[in-house]
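Observations on chain architecture
One-letter residues, chain by chain:
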Amino acid sequence: MSNSATSSIATPEGDRFCYHCGIENPRDLRWQAELNGKRRTFCCAGCQAIAQTIHASGLSAFYSTRTAPSQQAAQSVPDDEWSVYDEESVAREYVLKKEDGVNEISLLVDGMTCGACVWLIESWLLKQSGVVEARVNYASRRATLLWRADVVKLSALLRLLSGIGYRAYPYDPNLRDVQARREKHALTFRLGVALCCMMQVMMMAVPGYLGGDDIAFAEEAVLRWGSFVLTLPVLFYSASPFFRGALRDFSMRRLGMDVPISLGLIFAFIPSVWHTLRGDGAVYYDSVTMFVALLLVARFVELAVRQRSGETIEAMARQRPMVAERFDHWHINQSMHMVTAASLNPEDIVLVRAGAIMPADGVIIDGESHVDEAMLTGESWPQRKVCGDTVFAGSVNRENALIVKVSETGEATRLATILRLVDRAAGERPRVARIADKVAFWFVGALLVFTVIVGAAWLWLMPSRALEVVFTLLVISCPCALSLATPTALSAAAGALGKLRVVLSRSDALETLAKVTTVIFDKTGTLTEGKIRLTEMQASDGDDENMMRIARALEMRSEHPVAQAFHSSTGETSLPPVSTLTIVAGMGVEGVIDGKRWRIGKAAFLDSAVVPNNIAQFVEKHPTETLVFLGDEQNVRAVFALGDQLRPDAKQTIARLKDRGIKTILLSGDRAKSVHALAETLHIEDALGELLPEDKREYIIKMQQRGEVVAMIGDGINDTPALAQAQISVSLGSATPLAQWTADVVILSDELPRLTEALVCARRTLRIIRQNLTWAACYNILAIPAAAFGYVTPLLATVGMSVSSLIVVLNAFRGLKIKN
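Residues numbered from 1 in each chain as written. Predicted model: local features only at pLDDT ≥ 70, side-chain atom pairs only at ≥ 80, totals over all residues. Heavy atoms only, no water.

1. Brief notes about the packing of aromatic side chains
The test is simple: Ring pairs shown here join Phe, Tyr and Trp side chains whose ring centres sit within 6.5 Å, with only the six-membered ring taken for Trp; geometry is labelled stacked below 30 degrees between planes, edge-to-face above 60, and tilted in between. Per the convention used, a helix needs a DSSP run of H or I reaching at least four residues, while a strand needs a run of E reaching at least two, with both numbered from the N terminus. For every residue, the accessible area obtained with a 1.4 Å probe (protein chains only) is divided by the maximum for its type, and the residue is called buried under 20%, exposed over 50%, and partly exposed between those limits.
Tallied over the entire structure, the rule returns 10 aromatic pairs. On the basis of an interplanar angle of 85 degrees and a centroid distance of 5.6 Å, the ring pair of Trp-225 and Phe-228 is categorised as edge-to-face. Note that Trp-225 and Phe-228 are positioned in helix 7 (residues 217–238) at a spacing of 3 residues, about one turn of the helix. A relative accessible area of 37% means that Trp-225 is categorised as partly exposed. We classify Phe-228 as buried; its relative accessible area is 17%. When the ring of Trp-775 is compared with that of Tyr-779, the centres are 6.4 Å apart and the planes differ by 25 degrees; the resulting orientation is stacked. A residue pair is termed a helical-turn pair when its members lie 3 or 4 positions apart in one helix, as Trp-775 and Tyr-779 do in helix 27 (residues 753–788) at 4 residues.

Pasting the structure below:
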């Protein structure tokens, strides 16, 4: 057990206040405990149990590092409050079950008061058996928890958190909205108090500026004491977050921007109080109140930018459906019941009325309507949906009732996958932000050392101005602009990309995307729509029907876009059974039917088979089309010509990329003639066909060795090695879930122009960050020496610092604008 440490949150008047939460104890001091050799008193049995639990777990350092009292323990907790989250129907809504037996959930945590709470929660959870990972974000009050359900239940972990004073719930956007409103309301009230008091203090300071020595002593005393009284609520209420932040920074042995702010306020207020009591000397109440008010204005604007940038994603989260109308026995009768969306299972049949939200991912089995998928894809016009079409949870049925067969529910839906991508990116710090934080840390340290030196020099040269110069220097050099330069720009960029329905799933993706010099496209499903259809076929013996049956049987289990042409082709519904089916990446499919081995795919996949004359003639007549060959171990038995529609915006996308100096390349496993024909149509500089997945990867490596920054955009079927090798991998909304999860950038719609817009946004964001950092650097280079030599008044320093911060925030606000 660790040694006792003196808490940074003192317990006033001995045993009067609770050691854990700071609430006044009952008179009889009935709840006491000896912790590390010291007697501690508590307000209730709950706080006593929490403190004993924390100390018994070896986490007593929490009490010496926290900067605010903990929340009082809940006095009555229903026995089954947490057990409901173990129920399968509820867990399906919030819990993601991974292949390795690990479950993942996003939690909203109540009760955090400072950065030490983050350490305590993470440390406490990681000590529990079965917990794989625990990450807590203090700013958003969210925690990501990974645990093994076969070792420990979620309810047990939530109870354990409750046992140390924190209540956690599965993340709900409505609860997040409540927190956001509470945060904005608190900041607004603090700002209102600061502005009102500042205006009154400034009015009282005007006679001193204008009248000078003509003001009578009594009148001057009244003005000083009035200013003192009005400064108190500003300092002890409006500025309290700065002091708490500085205490937290000191306790965690780091230097943030709250440190110089707090020191500046203290250095200005304490001498002002002393001079007020003495009745002579300069007072700085006007500078203190204005400093706090303008700082809060900057923070209010920064909060507005941050909340606005998250509106799109929060709106998506609010689209999670809550209820559904499920048929009891669809094939027998039409009776149905209203159930929660979380209780749905795959294969359930649900009714989605006009105006209702789709409760799960599924396939329409009856009815037709227009469905609004704007929240998921950004497509402004509702899309017509008929029988057999796929619909997604969160989309809105606009016209007629639909009967939908559920395919995915809860955390397995596309909407949930998108939100997890966003959570993953939000939980990571981009490289440029980490560098800016380090610079700000060392800047504050150097600033404090420099301030001490300057203060000592002024004490030696002119003691009467020493405090004024120190205060001015701390205020004017406050690294607010430096600390806000990067995060506000990144937050604004995330908001702009969210409106485009572009998700950055990696923290460093934005910076890398801005540096891209070459974009490599796959052909099928990327530049083309991927809706491949069979246009013509030729069987060597004329038996088209039998060859089609064999081809469909072989392709039935493949998810490649080419295979979809055979899935949707008409013909016999009964297919021959296939054994030892094998999918060879980049080549085709092989399997055994009726004791004979068959292959379907590229010509090279059947290179040992004899090509009959009628097949060869068919190939010559279709030089630019995609051809698929079917054969046995001796002969090519059939060839299929496939057609695919070029995306209508593909040519426009290529042209825009060229206009921005970005090289475009087409790499495909399709026939070389077909690939070159498409490249010529789109005016793509370089194009290579008949490539294996490894060939694409090797090509990208050669480009990277020449200094190119490569972005690869593909569907993820045969592009995995190339996507992994590229500095930036891009996936479209129609790509496989695996491709979307592993991609750095996910374009939720299938609109290729979103790629160029994302590139423009990334470049503009880095430009804004550079502008902000340059402004912050130039401002400090000019302002700090001027303040050190005594050329800047405290009032001017206050205005200069605040204006500098506002310029940075408002410049970052430009990142929310979308430009093509």
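Next comes the rest of the account.
2. So, the pairing of strand 24 (residues 636–643)
Defined as follows: Strand pairing is defined by DSSP finding a minimum of two bridges between the two strands.
Of all 8 residues in strand 24, 8 are buried, a share of seventy percent or more. One ladder, built from 6 bridges, connects strand 19 (residues 533–539) with strand 24; its direction is antiparallel. Bridging across to strand 24, Ala-539 finds its partner in Ala-638. As defined by bridge partners, strand 23 (residues 626–631) adjoins strand 24 across 6 bridges and the pair is classed as antiparallel. Among the inter-strand pairings, Phe-629 is bridged to a residue of strand 24, identified as Val-639. Hairpin geometry of strand 23 and strand 24 is characterised by an intervening segment of 4 residues between the two adjacent antiparallel strands.

3. Some details on the confidence of the model for the chain
Heads up, the condition is: For every residue, the predictor assigns a confidence score, pLDDT, that lies between 0 and 100. We call two residues in contact whenever any of their non-hydrogen atoms come within 4.5 Å of each other.
Looking at the chain, pLDDT values average 77 and 78% of them are 70 or higher. No element of the chain has a lower mean pLDDT than helix 11 (residues 311–318), at 59, and none a higher one than strand 18 (residues 518–521), at 92. Predicted confidence is poor over residues 1–13, with pLDDT under 50, and the contacts of this stretch with residues over four places away or in other chains come to 26 contacts. Below pLDDT 50 for its whole length, residues 74–80 participates in 5 contacts with residues either more than four positions away or in separate chains.

4. Some thoughts on unusual backbone geometry
Notably, Glu-347 is not glycine yet its phi reads approximately 85 degrees, a positive angle. By the secondary structure assignment, Glu-347 is in the loop between strand 9 (336–340) and strand 10 (349–352). Glu-347 gets classed as exposed once you look at its relative accessible area, which sits at 52%. Phi is positive for Thr-580, which is not a glycine, with a value near 45 degrees.

5. Considerations on the sheet that holds strand 13 (residues 383–385)
Pairing within the open sheet is antiparallel, and its 3 strands lie in the order 13-12-15. The open sheet has two edge strands, strand 13 and strand 15 (396–397), and neither has a second partner.

6. Here's the deal with helix 28 (residues 794–813)
Defined as follows: Here the expected span of a helix is defined as 1.5 Å times the quantity of residues minus one.
The end-to-end C-alpha separation of helix 28 is 29 Å, in line with the 28 Å expected for 20 residues at 1.5 Å each. Among all positions in helix 28, only Pro-794, Ala-797, Thr-798, Met-801, Ser-802, Ser-804, Ser-805, Val-808, Val-809, Asn-811 and Ala-812 are buried.

7. Focus: the packing of helix 9 (residues 258–278) against helix 15 (residues 466–476)
Rules: Geometry is summarised by axes, namely lines fitted to C-alpha atoms with helices restricted to the contacting stretch, and by angles between N-to-C directions that run from 0 to 180 degrees. Should an angle fall under 35 degrees it is taken as roughly parallel, and over 145 as roughly antiparallel, whereas 65 to 115 is taken as roughly perpendicular and any remaining angle as oblique. Crossings are sorted by hand: turned counterclockwise from the far helix by less than a right angle, the near helix makes the crossing left-handed, and turned clockwise it makes it right-handed. Only Asp, Glu, Lys and Arg are considered charged in this grouping, and only Ala, Val, Leu, Ile, Met, Phe, Trp, Tyr, Cys and Pro are considered nonpolar; every other residue, Gly among them, is considered polar.
Taken N-terminus to C-terminus, the directions of helix 9 and helix 15 make an angle of 155 degrees; their axes are 8 Å apart at the nearest point. Taken together, the axis directions place helix 9 and helix 15 in an arrangement best described as roughly antiparallel. Handedness of the helix 9/helix 15 crossing: left-handed. Along its contact with helix 9, which presents Pro-260, Leu-263, Gly-264, Phe-267, Ala-268 and Pro-271, the element helix 15 presents Leu-467, Val-470, Phe-471 and Leu-474. Grouping the constituent residues of the contact of helix 9 with helix 15 by class yields 9 nonpolar, 1 polar and no charged.

8. Points about the side chain of Glu-555
With respect to the helices and strands, the residue Glu-555 is situated in helix 19 (residues 544–555). Non-local contacts of Glu-555, meaning those with residues more than four positions away in its chain, are made with Ala-563, Phe-566, His-567, Val-589 and Ile-600.

9. Re helix 15
Burial within helix 15 is extensive, with 10 of its 11 residues counted as buried. All buried positions along helix 15 are accounted for by Ala-466, Glu-468, Val-469, Val-470, Phe-471, Thr-472, Leu-473, Leu-474, Val-475 and Ile-476.

10. Examining the pattern of salt bridges
Here is the rule we go by: A side-chain nitrogen of Lys or Arg and a carboxyl oxygen of Asp or Glu constitute a salt bridge if their distance falls within 4 Å.
Applying the stated rule across the entire model yields 18 salt bridges. The salt bridge partner of Asp-522 is Lys-696, with a shortest N-O separation of 3.4 Å. In this pair, Asp-522 is assigned in the loop between strand 18 and helix 18 (523–527) and Lys-696 in helix 24 (residues 693–705), connecting sequence segments 174 residues apart. By relative accessible area, which is 3% here, Lys-696 ends up buried. Across the pair Arg-597 and Glu-590 runs a salt bridge whose closest N-O atoms are separated by 3.8 Å. Taken together, the shared-partner salt bridges in this structure form one network comprising Asp-541, Lys-596, Asp-632 and Arg-637.

11. Quick notes on the environment of Val-297
Here Val-297 is to be found in helix 10 (residues 285–309). Val-297 sits 109 residues away from Thr-188 along the chain, and the two C-alpha atoms are 9.2 Å apart. Apart from residues no more than four positions distant in its own chain, Val-297 is found in contact with Leu-191 and Leu-806.

12. Structural notes on the packing of helix 15 against helix 27
For any two helices packed against each other, the geometry is given by the interaxial angle and the distance between the axes. Contact geometry of helix 15 with helix 27 gives a least axis separation of 9 Å together with a crossing angle of 175 degrees. Comparing their axes, helix 27 and helix 15 come out roughly antiparallel. Each of Val-469, Thr-472, Leu-473 and Ile-476 in helix 15 lies in contact with helix 27, whose residues at this interface are Tyr-779, Asn-780, Ala-783, Ile-784, Ala-787 and Ala-788.

13. Structural notes on the environment of Lys-658
Tracing the chain through its elements places Lys-658 in helix 22 (residues 650–659). For Lys-658, a relative accessible area of 33% puts it in the partly exposed group. With 26 residues separating them in the primary sequence, Lys-658 and Ile-684 have C-alpha atoms 9.2 Å apart. Residues within four places of Lys-658 in sequence aside, it is in contact with Thr-664, His-683, Ile-684 and Glu-685.

14. Section: the sheet that holds strand 28 (residues 728–732)
Pairing is mixed across the open sheet formed by 7 strands, whose spatial order is 17-29-28-27-18-25-26. Both outer strands of the open sheet, strand 17 (502–504) and strand 26 (686–688), are each paired with one neighbouring strand and no more. On average, adjacent strands in this sheet sit at an angle of 20 degrees to one another, irrespective of strand direction. In this sheet, strand 25 (residues 663–667) lies alongside strand 18 in parallel orientation, the contact comprising 4 bridges.

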